[in-house]
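Below are the chains, spelled out letter by letter.
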Amino acid sequence: MELSEVKELSVELIENSLLAYFSTINSDGFPITRALLNTRYKERYPEFSNFYDKQNDKYVLYFSTNTSSSKIKHIKENPKVSVYFCDPENFKGVLFGGDIEIVEDMDIKREFWLDSSKRYYPKGLEDPDYTILRFKPKSGRFYYKLQQIQFEV
Amino acid sequence: MELEEAKKLSLELMQTSKAAYLTTIDSQGYPITRAMFNLRNKEQFPEFSEFFAGLDNEFEIYITTNTSSSKTEHIKKNPKICVYFCDPEDFKGVMFGGEVEVIDDMDIKRKIWLDWWTRYYLKGLEDPDYTLLRLKPKMAQFYYRLQKVQFKPGEE
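Residues numbered from 1 in each chain as written. Chains lettered and ligands numbered in written order. Predicted model: local features only at pLDDT ≥ 70, side-chain atom pairs only at ≥ 80, totals over all residues.

Another aspect to go through is the overall build of chain A. Helices and strands together make up the secondary structure of chain A, namely four helices and eight strands. Ordered by position from the N terminus, the helices and strands of chain A form the series α-β-β-α-β-α-β-β-α-β-β-β. For chain A, whose C-alpha radius of gyration is 16 Å, the value lies close to the compact-globule estimate of 15 Å for 153 residues. Along the first, second and third principal axes, the C-alpha atoms of chain A reach 50 × 40 × 30 Å. (Helix = DSSP H or I, 4+ residues; strand = E, 2+ residues; numbered from the N terminus. Rg over C-alpha atoms; globule rule 2.2 N^0.38 Å.)

Next up, the structure:
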């Protein structure tokens, strides 16, 4: 499989996955994985596609989460994370690794704010429990059936 | 949500999840996740239902892999792993954490073997590239929508 094809299929998978499997490492050194809503999923979040289209990094990912969640505690101690997208029916998956950042920039936080976000952050956009994470992956790994292809992001 | 309810739903999820998401830690300390066969999925692997029903610890997880794979390399250096099962449509998930073991016992390996797996392990059951992993989980975290319930698997 050509590298260009791998990259194209990876972006396709990102844009068509409802969930992203997000892994952090806890204070005891164990990996912790959970599913998060994928803000790049075009069908569910058409509101964000414009924002993503304007980014230089075509693999950049943003996640919203509660400041009080365990993942925030983990990443403050250890920013190493991975994000995995997959299509289990077709044995296709892509994994990104790198260090994650907490975004303080209100303009970006506003970009990812939706009316429905109030369900999670009752005080609104300024709720101190509202956190946006930015992930600029360093490496990618594409899995297809028995193949595994690594690429630099 | 009651603990018993969370445990029951977790077992159900293990039997229906389309894949088991295995996370290991690589030599640079990064988590690495990939989808593996969920051998407890009753529809995909009905052959193993009886084996799993007979386990002392109902949350034990078995995963087959190539000895030459990167995950085998990771766990030799660091056995800390987690395995995640989920139902994406219903925002339901369960994660198990603990230290994984490599199973060398041929009696167990024989029970977790299917003939068509020669596609992955050319030499069959005895292929040195066939590795069986077992996780006796120490902790579990069940997620349902905005709820999260932690429990110790295998403890009454």
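From this point, the discussion proceeds with the structure in view.
By size, the foremost hydrophobic cluster in this structure holds 60 residues, and its most contacted members are A:Val83, B:Ala20, B:Tyr21, B:Cys82, B:Val83, B:Tyr84 and B:Phe96. For this core, the leading source of residues is strand S4 (residues 80-87) of chain B, giving six residues. Residues contacting B:Cys82, with those up to four places away along its chain left out, are A:Phe30, A:Pro31, A:Ile32, A:Thr33, B:Thr23, B:Met95, B:Phe96 and B:Gly97. (Core = buried A, V, L, I, M, F, W, Y, C linked by C-beta atoms within 7 Å. Buried ≥ 20, exposed ≤ 12 C-beta atoms within 10 Å, placed from the backbone. Contact = placed C-beta atoms within 7 Å.)

Counting from both sides, the interface comprises 22 residues of chain A and, opposite them, 22 residues of chain B. Where the side of chain A that touches chain B is concerned, the elements lending two or more residues are strand S1 (19-25), strand S2 (31-37), strand S4 (80-87) and strand S5 (92-103) of chain A. Of the residues assigned to the side of chain A that touches chain B, the class counts are 14 nonpolar, six polar and two charged. (Nonpolar A, V, L, I, M, F, W, Y, C, P; charged D, E, K, R; others polar.)

On to helix H1 (residues 3-16) of chain B, then. Residues that lie three or four places apart on an α-helix share one face, since the helix turns once every 3.6 residues. Residue and element names in this part refer to chain B. The end-to-end C-alpha distance of H1 is 20 Å, a good match for the 20 Å that 14 residues give at a rise of 1.5 Å each. Those residues of H1 lying buried are Ala6, Ser10, Leu13 and Met14. All buried residues of H1 lie within an arc of 100° about the axis, which places them on one face of the element. Set apart from the buried face of H1 by more than 90 degrees, the exposed residues are Glu4, Glu5 and Lys8. On its buried side, H1 packs onto S4, strand S5 (92-103), strand S7 (139-144) and strand S8 (147-151). (Expected span 1.5 Å × (residues − 1). Arc of directions from axis to C-beta.)

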